[in-house]
Each structure stands twice: as C-alpha cells, then as structure tokens.
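# Understanding the architecture of this molecule
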Amino acid sequence: AVVSTQSTGGGEKYSVISQAQLKKLTKVYNRELTKSKGKAEKDAEEAAKRAANLEDSKSITISEDPSLPAARQAKISGLGELRDQRVKVFGWVHRLRRQGKNLIFLVLRDGTGFLQCVLTDTQCKTYDALLLATESSVAIYGILTAVPEGKEAPGGHELKADYWELVGGSPAGGVDNLLNTESNPDVMYHNRHMWIRGENMSKVLKVRHATIKAFRDHYYDKDYVEVTPPTLVQCQVEGGSTLFKLNYFGDEAYLTQSSQLYLETCIPAVGNVYCIAQSYRAESSHTRRHLSEFTHIEGELPFITFDDLLDALEDLIVDTAQRIMSSKHGDLVRELNPNFTVPQKPFKRMDYRDAIEYCRENGIRKEDGTTFEFGDDIPEAPERKMTDMIGVPILLCRFPKAMKSFYMQPDKADPIVTESVDCLLPNVGEIIGGSMRIYDEQELAAGFKREGISPENYYWYVDQRKYGTCPHGGYGLGLERYLMWLLNSNNIRENCLYPRTAERCKP
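Summary of the structure given here. (Residues numbered from 1 in each chain as written. Predicted model: local features only at pLDDT ≥ 70, side-chain atom pairs only at ≥ 80, totals over all residues. Heavy atoms only, no water.)

Take the overall build of the protein next. Helix and strand counts for the protein come out as 13 helices and 21 strands. In terms of C-alpha radius of gyration, the protein reaches 32 Å, well past the compact-globule figure of 23 Å for 507 residues. Projected onto the principal axes, the alpha-carbon positions of the protein cover approximately 95 × 90 × 55 Å. A burial count over the protein gives 45% of its 507 residues as buried. Summarising the internal contacts of the protein: among those between residues at least 6 apart in sequence, 65% fall at separations of at least 24. Carbon and sulfur atoms provide 50% of the accessible area of the protein, an area that totals close to 26900 Å². Across the protein, the centroid of the 63 positively charged side chains sits 9 Å from that of the 71 negatively charged ones. (Helix = DSSP H or I, 4+ residues; strand = E, 2+ residues; numbered from the N terminus. Rg over C-alpha atoms; globule rule 2.2 N^0.38 Å. Buried < 20%, exposed > 50% of the residue type's maximum accessible area, 1.4 Å probe, protein only. Contact = heavy atoms within 4.5 Å. Areas by Shrake-Rupley, 256 points an atom, 1.4 Å probe, with all protein chains shown as cover. Lys, Arg positive; Asp, Glu negative; His and termini not counted. Charge placed at Lys NZ, Arg CZ, Asp CG, Glu CD.)

Structure follows, in structure tokens:
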C-alpha cells in the first residue's frame, strides 16, 4: 500500500510519505495506543474500585443517638435564636464539597435561606453519602454553632451533624445535567423548572411576592375592594386581533385581554375596586417586554376627574415602591438593582402632541427613517429612547381617539384626543395604560359603531350607563413590566414563573 502525506510545496496536494516519516508516525501511533489502553485499564480499575466501595458502603449504617436531646425542627430563617441547640433542618443540597473520605461540607437550601452543614467520619461513608449529589433533599440533625472568628458562612453559623438522612436522591451532577450558566436561553426556558432553584431566580420570585403584597396593602389602606373577575369571556377590550379564541360548549369565547369592563360593573356595588388576575394577548410579538400571558393589576375609580386619575397612578407607583423597599425583601431589590431609588412625585406630565414634537426635535425617528406625525403610534424602541433621554417617569396623556379603544372618554376641550394616559418608566417604557371611561350611553354606542363591534354581548356593560352612570376612570398595570423597572431586568421573561410567549407554552 502507498501512504501519502500532505504536500508542502509544488502543485501536488499530496505526496508519497518517506520511510523516515512513516517510521516516526508509527511510533507515535503505537505510543498513543499504549497510553490509551493504559488509561482504559486504569479507568476500569477505578470503576471496579468505586463499585466495590459502593457495595461495601451498603453495610455501613448510621442511626440517631437516643441519648441526645430531641432535635427541634426549624426553618433556616429561624435558626438565629437556636444557636448551641440541637436542631433538625430539612432542605436541598445547594452546594457540596468532599474533603477526603471523612469530611463533607454542604450548603443546604430550604427556600427561606442557606445553611452550611458538616458531615464527618461514618456519616460520609454510607451508601447514601457516597451517592449524595446537589439537589438531593435531606434532613440533617446536629448542634448549631457560630462559625469561628475570621470564617464566613450564611447566617454566621453552621450545623455540625450528629445524624442525617436522605429524603430524595438526585443524579450525580445535579442541575448541571440539564443546564448551567453557559446554557443558551432555549435550554434555560425548557428547563425553567430547575432554573428557578438558582439563587438569582429565587430572589426574583421573592421580590415578585413582596411586590404583589405591596400592591394589595396599598389598595387595602386606600379602601379599595378586591374582586375576582372571570377570565373566560365573550367580549373584547383591546381589539379582536389579539384574542385567544376557544370553543365554550358550542359558543365562541375568549381568554380575557383585561378585566376592566367587569371592574366597571363593580364600582356601583363597592366603590373603588381592583383585581390582580391573568390577562392574555394573542399577538406574535417578540420584544423584550411582551408576554402572551401576564399578571394584570387593574383598578377602577368612580366620581373622579382625569387629574384625579393621574394623581392615583403616581401614588400607586411611588407608594408600592416605598412599601417594597421598606419590607424585609427590600435588601433583595438593592442586591439585584443597587441603583434603584423610589421616584419622586409629581411625575412629568406630557401630552401625546408634545411627545411627537419631542421626537421630531431630538432625532427620534420611525423605523423607516421618517419623522413622527400626529396620529402615529410611537413603538417600543422610540418610546423607550424618549423615556430614557428624559430620564424620569412620564405620564404621557391625551392620545388621538382613532388610536384608542372604543370606551375611552374624549377630551371635552379637544375632542379628537381622549382622556387617556400611559405611564412610562426609564429602561422599560410603558407599564400602565389608563383612561377615563365613556359614561354616556349614546357616546358608547358611537364607540361600538366606530370599532365595528356588535353591542349584543355587551348588554351588561351598556346597562352601567342606563342605571346611574357616573364619571369614572381606571387603568391596567403589567406586574412583570413593573418588576423590569424595579429590578432593572433586561427581559420581561426573567420576572415570571413560567413565561408564555409566541414561541413557548411549556413547561
């Protein structure tokens, strides 16, 4: 056989290998073959040794010493008062480090905090100990002691185990089998159920919890009443093109775009009213601030003016932010977004006409390079650019009637615009949309006609204008967008449990 090698010159791609080259390469090949064989043998020996150790470990058992004081079960967050006492803590192995055969350091996570634990001697040699991996669930018993001076541990203490037991095992490698910090976004979202166990995502979920509580506390202290409107509906609020349609026992129905219309029916019964519910938008949008399902915080207020509505929005944003920052979760916000400061009232109030002029004067243009004109919608990117250039919260008011929904009250001083408002915050853009509502029956009928909407399924909404109508207004706030602002998030998907988008509906 003729052996060729790549040519180093001339026009030929390959040339016949010399005997010296062939001899040299043969030696290299045989050496690598021997090395590979030796490594395979060594790996086989180590595997056999591990298997033997595992088999031997099955005969090693540990049990709780009955002469010790009964262990007091506690959450990690409540351990500060239990130092130098014997405790029992359940949790998941967040980190694990083995030091020789007789020492295991692990950090336990139970959702309320983190705890450093130490296993020693026989505790490290059982079958469960040899297979112990991150994300295993365990129960650890022992004396809680302060860490020595100069050492650090979560909470300033550690649990020196005198007994432990495995509750639920985990494959070797734990979560790293599925994803890590280098994983691409699709892998992360596909394994969201494991991603949320990470420290950062856990903090976001806790801040989200604190934020919802802050909104509820705000409303409670302002004498609003919370209601729970339906999410299966037969009417549109924000336009038919973004409705999720479904067959409701033979009738056409939709997932709600907003609970606003139902809230309006509640104000004669309870006065100021609000809800925190899911809303759905079937728009194929792929921006960093859009979701197909989101948490909608909506409120309606009777007997108010447009200025009253603007004041209420300012108060809502500022008061909830103050409540969050003064809560026990305020430190998490400061950790995730060190530059966050609660905004000051009053917010900048700016008419839509002035926003168009601001864009023209500051070189903010449409995607095709042309300038904005009255009647143009200002998309996300230009809107955010304007907001970031101004650098303060903005109440952008009085949008053209042709751009807005059928129920928005025209401005009596300028009927071609509505008493409508978007609240724009730096880094996010719009987080609230609101307006005064049409409260005259004939004007509402004209709104239905303008939008080509049959009033048949809105009989109950029209009745609000027949039976004791009144001036009223309201708004809807996207919780996830509020969190984008609060935490300076780059993408809205970071702020919800399982994001639903145009391209993803799982897990």
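As a further point, take the pattern of salt bridges. One pass over the full model with this rule turns up 30 salt bridges. For glutamate 55, the salt bridge goes to lysine 58, with nearest N and O atoms at 3.4 Å. The partly exposed category is assigned to glutamate 55, whose relative accessible area is 49%. Under the relative-accessibility criterion, lysine 58 is labelled partly exposed at 48%. The partner of arginine 493 in a salt bridge is glutamate 503, and the shortest N-O contact between them spans 2.7 Å. Of this pair, arginine 493 sits in the segment after helix H13 (479–487) while glutamate 503 sits in the segment after H13, placing them 10 residues apart in sequence. (Salt bridge = Lys/Arg side-chain N within 4 Å of Asp/Glu carboxyl O.)

What follows is about the state of the cysteines. Counting across every chain of the model gives zero disulfides. Unpaired in this structure, cysteine 275 has its nearest cysteine sulfur neighbour in cysteine 266, at a distance of 8.8 Å. Assessed through its relative accessible area of 0%, cysteine 275 is described here as buried. (Disulfide = S-S within 2.5 Å.)

It is the contact of helix H6 (residues 260–270) with helix H12 (residues 459–466), at a shortest axis distance of 10 Å, that shows an interaxial angle of 35°. Here the hand of the crossing between H6 and H12 comes out left-handed. Contacts between H6 and H12 pair Gln260, Leu261, Tyr262, Glu264, Thr265 and Pro268 from the former with Trp460, Tyr461, Gln464 and Arg465 from the latter. For the contact of H6 with H12, a count of residues per class yields five nonpolar, three polar and two charged. (Axes fitted to C-alpha atoms, helices over the stretch in contact; angles between N-to-C directions. Left-handed = near helix turned anticlockwise from the far one by under 90°. Nonpolar A, V, L, I, M, F, W, Y, C, P; charged D, E, K, R; others polar.)

To continue, consider the sheet that holds strand S11 (residues 244–248). Taking strand neighbours across the sheet as the criterion, the three strands line up as S10-S12-S11 in an open arrangement whose pairing is antiparallel. The two strands at the open ends of the sheet, each matched to only one other strand, are strand S10 (232–233) and S11. Sheet topology places S11 next to strand S12 (residues 251–255); five bridges connect them, and they run antiparallel. Bridge pairing in S12 links tyrosine 248 to aspartate 251. (Pairing = 2+ DSSP bridges.)

Our focus in this paragraph is unusual backbone geometry. Following lysine 345, the chain continues to proline 346 via a peptide bond in cis, the omega torsion being 0°. Positive phi values are uncommon outside glycine, yet aspartate 84 reaches one of about 65°. Tracing the backbone shows aspartate 84 in the loop between strand S3 (72–73) and strand S4 (86–98). A positive phi angle, near 55°, is found at asparagine 488, a position not held by glycine. As for its placement among the helices and strands, asparagine 488 is situated in the segment after H13.

It is worth spelling out the nonpolar core at this point. Judged by nonpolar contacts, the single largest core of 51 residues is most densely connected at Tyr475, Leu477, Tyr482 and Leu486. Here this core gets 11 residues from one element, more than from any other, and that element is helix H7 (residues 306–326). Beyond its immediate chain neighbours, meaning those up to four positions away, leucine 477 contacts Phe215, Thr295, His296, Ile297, Leu316, Ile317, Ile431, Ile432 and Tyr482. Among the nonpolar cores identified, the runner-up in size contains 22 residues, and Ile104, Leu115, Leu132 and Leu144 belong to it. (Core = buried A, V, L, I, M, F, W, Y, C linked by side-chain atoms within 4.5 Å.)

Let's shift gears to the packing of aromatic side chains. Scanning the model with the defined rule gives 17 aromatic pairs in all. Taken together, a centroid distance of 5.6 Å and an interplanar angle of 45° make the contact between tyrosine 352 and phenylalanine 399 tilted. Taken as a pair, tyrosine 352 in helix H9 (residues 352–361) and phenylalanine 399 in the loop between strand S16 (394–397) and strand S17 (410–411) lie far apart in primary sequence, 47 residues in all. Phenylalanine 399 matches tyrosine 352 in its accessibility class, with the two residues each being buried. Each ring, one from tryptophan 460 and one from tyrosine 461, has its centre 6.1 Å from the other, and the planes form 70°; the classification is edge-to-face. (Phe/Tyr/Trp six-rings, centres within 6.5 Å; stacked < 30°, edge-to-face > 60°.)

A separate point is the sheet that holds strand S20 (residues 429–437). On the basis of which strands lie adjacent, the open sheet formed by eight strands has the order S9-S13-S14-S21-S20-S19-S16-S15 and mixed pairing. At either margin of the open sheet sits one strand with a lone partner, and together these are strand S9 (225–226) and strand S15 (348–351). For S9 and strand S13 (residues 273–280), the ladder comprises two bridges, and the chain directions are parallel. Considered in S13, the bridge of glutamate 226 is made with tyrosine 274. Helix H10 (residues 380–390) rests against S15, S16, strand S19 (420–425) and S20 of the sheet, and its axis sits at about 65° to S19.

The topology assignment puts serine 137 in strand S7 (residues 137–146). Serine 137 sits in the buried class, given a relative accessible area of 15%. The contact partners of serine 137, leaving out residues within four places of it in the chain, are Gly91, Trp92, Leu166, Val167 and Gly168.

Next up on the list: a nonpolar patch on the surface. A grouping of Tyr127, Leu130 and Leu131 is seen on the molecular surface, where their side chains present a nonpolar patch of about 240 Å² in accessible area. Within the secondary structure layout, leucine 131 lies in helix H2 (residues 127–131). Overall, leucine 131 belongs to the partly exposed group, its relative accessible area being 41%. (Patch = residues over 30% accessible without salt bridge, like charges linked within 9 Å, V, L, I, M, F, W, Y side chains within 5 Å.)

Summarising burial for strand S14 (residues 293–302): nine of the 10 residues are buried, a large majority. Of the strand pairs in this sheet, S13 and S14 are connected by eight bridges, and their pairing is antiparallel. If you follow alanine 277 over to S14, its bridge partner there is histidine 296.

Tracing the backbone through its elements, the reader meets threonine 242 in the loop between S10 and S11. A distance of 2.8 Å separates a polar atom in the side chain of threonine 242 from a polar atom in the side chain of glutamine 257. Discounting chain neighbours no more than four positions away, the residues touching threonine 242 are Gln257, Tyr280, Arg281, Ala282 and Glu283. (Polar contact = N/O pair within 3.5 Å; in protein donor to acceptor, adjacent residues only side chain to side chain.)

A few words on H10. Those residues of H10 that fall on the buried side of the exposure criterion are Glu380, Pro382, Glu383, Met386, Thr387 and Ile390. Where H10 is buried, its residues contact S15, H9, S16, S19 and S20. At the C-terminal side of H10, glycine 391 shows a positive phi close to 80°.

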